[in-house]
Amino acid sequence: MGIEKLTTLAFSMYSNKGAYALLLGSGISRSAYIPSGWEVEEKLIQKIGASQGVAESEDWHQWYKGCYQQSASYSALLGEIVKTPTERVQLMKSFFEPTDEEKEVGWKTPTKAHLSIARLAKKGYVRVILTTNFDRLLEKAFELEGVTPQVISHEGAISQATPIVHSKIPTIIKINGDYIDCQFRNTTEELDEYPEQMKLYLHRIFEEYGLVTCGWSGEWDKGLIEIINGATHSRYNSFFAYVGEAKNSIMSLSRDRLGELMPIESADNLFSELYEQIMALEKYDANANMNHEIRTPLNGIVGFANLLCDREQFEPEEITTFIETIKKNCDLLLALISDIIDISC
C-alpha cells in the first residue's frame, strides 16, 4: 500500500510554502448547511408555488414543468424571478446568512474546513484561495483567526489589489462574486464566459501555483475549466479532491494537468488533517533544529565551566571572559527552551 495522497500533499505544501492555490466549491460549505445550487433551485420553485397558493408538492420540479412547459434551472429561475443585481442580493441573502434560530444551532457559520484553511493561511502555507461560492464563511473564519485577507470579488477590483507576489497577506478571489456586492455571476451564460481581465488574472495563477481543488465538481463552470485547461502546467503538482465518485470533468482535468485524484471523506476531514500533518512536519523539523541549536550553547557552557575548574592557570581578565561567555550561552539556552515549550503546547 502506497503513501496516501493527503500525506503527499502535506509534504508538497510544507516543502513549498505558499506555492499552492486552493480552488473551493460549494461542497466545502455543506456541513455549514449552506444550500447547494439544486437546493436553492427547489426552494425558489417552492416560493413560486406558494405565491400561487400551492403549499405542497411531491415533486416540485415536476410541478414547475407542468405549469410552465419547461424544466426548471437555477439560472432560468433567477432570470425570471428577479431582474436586477440588487434584487438578486435580497433574494439570495436568506440562503447564505443565518437566522437567529440557525445561529443557535451553529448553522451557516465557518466549518472545520474553513477554520483549518484560515490557519494554514495564517502560517503562510496558503497564500491564494479561489472560490466559486458567494457566502462569506471564509472571511468569517479568517476573522476568527485574526487575519485580514485581501478579497477580490469582481474583475474591477483586480487593478486596485496588491499583486499577489508582493502581498504580505492572503488573497481570496471570489471568482463568481459576492452576493452582497451586487456583482456576482451564476447564470449559465455568465459562467460560460468570464471577462477578459478575470481570465488573464486566473490564467496567471494557474500557471504559477500548484492547485488543490475541493468541493468543486467543475460541472457547471465551463468558462473556468477552459481557463484552467488553457494555462501552461505549473511547476507544482495538482490535487483534485472528490467525495464518492469523481465526476468526468474532474477526471479530465486531472488527466490533462497530470495531477492527482484524491478521494476524501469530506472537506472538513481533508483540511483539518492536512493542517495537522503540516504542523507535525513543522514540529519535527523544529525539534531537529532545536537539538542541534541546544548542543551549541550547552557545549560552550560545559567547556568554559571545565576551564574554570583550573582557574589558577588563567589571568583574571580571562576568567571574567569565561564567565561572561557562560552567561551568554545560558541566556541563549533559556530562549531555546522557551521556544521548545511554546512549540509543544
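Residues numbered from 1 in each chain as written. Predicted model: local features only at pLDDT ≥ 70, side-chain atom pairs only at ≥ 80, totals over all residues. Heavy atoms only, no water.

Hey, could you run me through the environment of Met 13 in this one?
Following the sequence through the fold, Met 13 ends up in helix H1 (residues 5-15). Once the C-alpha coordinates of Met 13 and Ser 272 are considered, the two residues, 259 residues apart in sequence, prove to be 14 Å apart. With residues up to four places along the chain from it excluded, the contact list for Met 13 reads Tyr 20, Tyr 125, Val 126, Leu 274 and Ile 278. (Helix = DSSP H or I, 4+ residues; strand = E, 2+ residues; numbered from the N terminus. Contact = heavy atoms within 4.5 Å.)

Any chance you could explain the side chain of Asn 176 here in plain terms?
Mapped onto the fold, Asn 176 is located in the loop between strand E4 (171-174) and helix H9 (188-192). Looking at Asn 176, the relative accessible area reads 3%, which means it is buried. There is a polar contact of 2.8 Å between the side chain of Asn 176 and the side chain of Tyr 194. (Buried < 20%, exposed > 50% of the residue type's maximum accessible area, 1.4 Å probe, protein only. Polar contact = N/O pair within 3.5 Å; in protein donor to acceptor, adjacent residues only side chain to side chain.)

What is the right way to look at helix H7 (residues 112-122) in this model?
Each α-helix turn comprises 3.6 residues. Residues three or four places apart therefore point the same way. The buried fraction of H7 amounts to eight of the eleven residues, a majority that puts the element mostly inside the structure. Listing the buried residues of H7 in full gives Ala 113, His 114, Leu 115, Ser 116, Ile 117, Ala 118, Leu 120 and Ala 121. The N-capping residue of H7, defined by a side-chain oxygen 3.2 Å from the backbone nitrogen of Ala 113, is Thr 111. Positive phi appears at Gly 124, one or two residues downstream of H7, with a value of about 90°.

What exactly am I supposed to notice about the environment of Gly 25 here?
In this fold, Gly 25 is placed in the loop between strand E1 (20-24) and helix H2 (37-51). Assessed through its relative accessible area of 0%, Gly 25 is described here as buried. Taking the C-alpha atoms as reference, Gly 25 lies 7.5 Å from Ser 217; in sequence the two are 192 residues apart. Beyond its immediate sequence surroundings of up to four residues, Gly 25 is in contact with Thr 132, Asn 133, Cys 214, Gly 215 and Trp 216.

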